[in-house]
Amino acid sequence: MAENDLQRVLVPGDVVIGGLFPIHNNEVVNNNTIRPATEMCDPNSIDLQVLLYTHAMIYAIEQINNSPLLPKVKIGYAIYDTCSSVSMALRASLSLMKGESQEKCLEFNEGYDNTVKAVIGERSSEVSVAVARLLAVPLMTQISYASTSELLSSRKKFPSFFRTVPSDKHQTDAIAQLVCMLNFVPVGIIGSEDEYGKYGAETLSDYFNKYNICVEFKLILPADFSANHSMLTELEQILASSRAEAIVLFTKESNAMTVLEKAIKTKVKRTWIASDAWSTSQDILELKNLQECGKILGITCKRNKVPGFLEYMEDFITRSNTSFSFFHNFSSSPFCSTGSQDQDCSSFTSDPVNQTGGQNCINKKCLIDFIKQDQSYESYSIYMAVNVIAQGLKSLLQNGTHFPSWRLTESIKETNSSIDNTTSLTLTADGEVDIGYDILEWKTETSKKMDIIGTFNQSGIQLLNPEVLVDNNTVSFYELPVFVTKFNCSKLCDPGYEFYMLYPDKPCCKGCRKCEENFFSID
């Protein structure tokens, strides 16, 4: 259903949790900047993975409602499609703040009461920053499942913001330690002009400096790489002349796709290090000739499967009534049959919606296969967010459901909870979790997959097999120490030799020469 042109799914309850999800990747571009105009999602930009994330939230809420945790209280939900747009997310947030109030002007005083007590979302840091500033007015709880920008750690600026993922402060440290351990010389950084890519690239530079890692270039491109052709030309020139062994791509998935497509086309072969925004991307993994651009390593939050979610979705696709779901937006019968003609799922992630009998529908078999293969952390992060809210509500609901939303925010700060008896969840002083990371190595040849090769936590990096990592009897590229790169840059000099700069314009690329008479090397 729609409210003021916003797409949403609403199920009433004694207490309502809002949701902000970019189900569509883009909004329809309106070049009219003279007067306000109605915004609309681009119908051809649906993100199947995010669509499933909305169901992870619905499933978690249904689990709470069917448990004895909150007796005699039903949790409802109001989930909005933000279309990856800040302005649409803000409109949705205003609607959630208004709740059932009929007042045209809202006064957020200490006693302001609303059935909507908390908001889960948004996905991107850029959108979450804008929403967090708005929700800070009534101190309404906001829990993001994927926004990792370090900017959001400021309790002064964002007093009611929480997240069930670590901030980029930890991720960038993990990347820097990985580069140091694998002795890449030198490295490059590509970020984007948004809260995620910009601040991530800056923090990464600080850690590289801390670990004495030479950065050959740091390039911050516009937020949407594909929309700026002149910058892509500059990027192409930098990559062609660069002697960097490894390049960190700290930006969102669509931008990483643009860069790697350019690398494949121009035959630029490097080691690419993926930030968590695209490190588990199935769309990029399926890129044609991806192996031509070199090796790919990735960092992602530690992941658990949401218990029972696969079985829930297998049951859901057999239901005749899907009206309380975004799947219903496709048609009254959103799921296709699973006949033999529907077995090819190769293009399912990029184009999940088919035309069958004149109606839009989603292939059942491909959907279930996609859920089984999904390696992202976000479903479990959403599951944790719902449970954190439920635990925060537990003590407050003893006196009924009428209380201002700021009281839930205070309650959550004191919450320590155990999720499905496997995860002990404690929020830090910055309102986030510290659950550690998995280090991934992409297999981009015939058997396309992502293998966990190590972990990162407060103790640092631990590779699962630091001596040798083997794939199909082929030794991985970092098995043996390499002292001279393919660009003739030295990583280590023999005793009696010293480093010197090979190229005046490339200070990170050095050679070795004999020490002058009466001088000696000390390491």
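Below: a short report on this structure. (Residues numbered from 1 in each chain as written. Predicted model: local features only at pLDDT ≥ 70, side-chain atom pairs only at ≥ 80, totals over all residues. Heavy atoms only, no water.)

Thoughts on the pattern of salt bridges
Here is step 1 of the chain: For the structure shown, the criterion picks out 13 salt bridges.
Here is step 2 of the chain: In this structure, Glu 432 and Arg 163 form a salt bridge, with 3.1 Å as the shortest nitrogen-oxygen distance. Residue Glu 432 is located in the loop between strand S17 (423-426) and strand S18 (437-443), and its partner Arg 163 is located in strand S7 (residues 161-163); the two are separated by 269 residues in the primary sequence. Across this residue pair, the class does not change: Glu 432 and Arg 163 are buried.
Here is step 3 of the chain: For Lys 198, the salt bridge is made with Glu 193, and the minimal N-O distance between the two is 3.6 Å.
Here is step 4 of the chain: A network of salt bridges, in which partner residues are shared, links Asp 47, Arg 123 and Glu 378. (Salt bridge = Lys/Arg side-chain N within 4 Å of Asp/Glu carboxyl O. Helix = DSSP H or I, 4+ residues; strand = E, 2+ residues; numbered from the N terminus. Buried < 20%, exposed > 50% of the residue type's maximum accessible area, 1.4 Å probe, protein only.)

Concerning unusual backbone geometry
Here is step 1 of the chain: In this structure, Glu 122 follows Gly 121 across a cis peptide bond, with omega equal to -5°.
Here is step 2 of the chain: If you trace the backbone, Glu 122 turns up in the loop between strand S5 (116-120) and helix H3 (125-135).
Here is step 3 of the chain: In this model, Val 185 is joined to Pro 186 through a cis peptide bond whose omega is -15°.
Here is step 4 of the chain: Although it is not a glycine, Lys 72 sits at a positive phi angle of roughly 65°.

Some thoughts on the nonpolar core
Burial of nonpolar side chains together is a common tendency in soluble globular proteins.
Here is step 1 of the chain: Core analysis: the biggest nonpolar cluster contains 94 residues, and Met 57, Phe 208, Met 313 and Leu 367 have the highest contact counts within it.
Here is step 2 of the chain: When residues no more than four places from it in sequence are discounted, the contact partners of Met 313 are Leu 52, His 55, Phe 327, Leu 367, Ile 368 and Ile 371.
Here is step 3 of the chain: Within the second largest apolar cluster, 30 residues are counted, among which are Leu 219, Ala 244, Ala 274 and Leu 287. (Core = buried A, V, L, I, M, F, W, Y, C linked by side-chain atoms within 4.5 Å. Contact = heavy atoms within 4.5 Å.)

A look at helix H10 (residues 364-373)
Along an α-helix, residues three or four apart share an orientation, since each turn contains 3.6 residues.
Here is step 1 of the chain: Taken residue by residue, H10 has Cys 366, Leu 367, Ile 368, Phe 370 and Ile 371 as its buried positions.
Here is step 2 of the chain: Its side-chain oxygen placed 2.9 Å from the backbone nitrogen of Lys 365, Asn 363 serves as the N-cap of H10. (Polar contact = N/O pair within 3.5 Å; in protein donor to acceptor, adjacent residues only side chain to side chain.)

Thoughts on the packing of helix H4 (residues 168-182) against helix H5 (residues 195-210)
Here is step 1 of the chain: Where H4 meets H5, the axes come as close as 9 Å, and the angle between the chain directions of the two elements is 45°. By the angle between their directions, the pair H4 and H5 is classed as oblique. Judged by the twist between their axes, the crossing of H4 over H5 is right-handed. Every residue of H5 that contacts H4 at Asp 168, Lys 169, Gln 171, Thr 172, Asp 173, Ile 175, Ala 176 and Val 179 is listed here: Tyr 196, Gly 200, Thr 203, Leu 204, Tyr 207 and Phe 208.
Here is step 2 of the chain: Residue composition of the contact of H4 with H5, by class: 7 nonpolar, 4 polar and 3 charged. (Axes fitted to C-alpha atoms, helices over the stretch in contact; angles between N-to-C directions. Parallel < 35°, antiparallel > 145°, perpendicular 65-115°, else oblique. Left-handed = near helix turned anticlockwise from the far one by under 90°. Nonpolar A, V, L, I, M, F, W, Y, C, P; charged D, E, K, R; others polar.)

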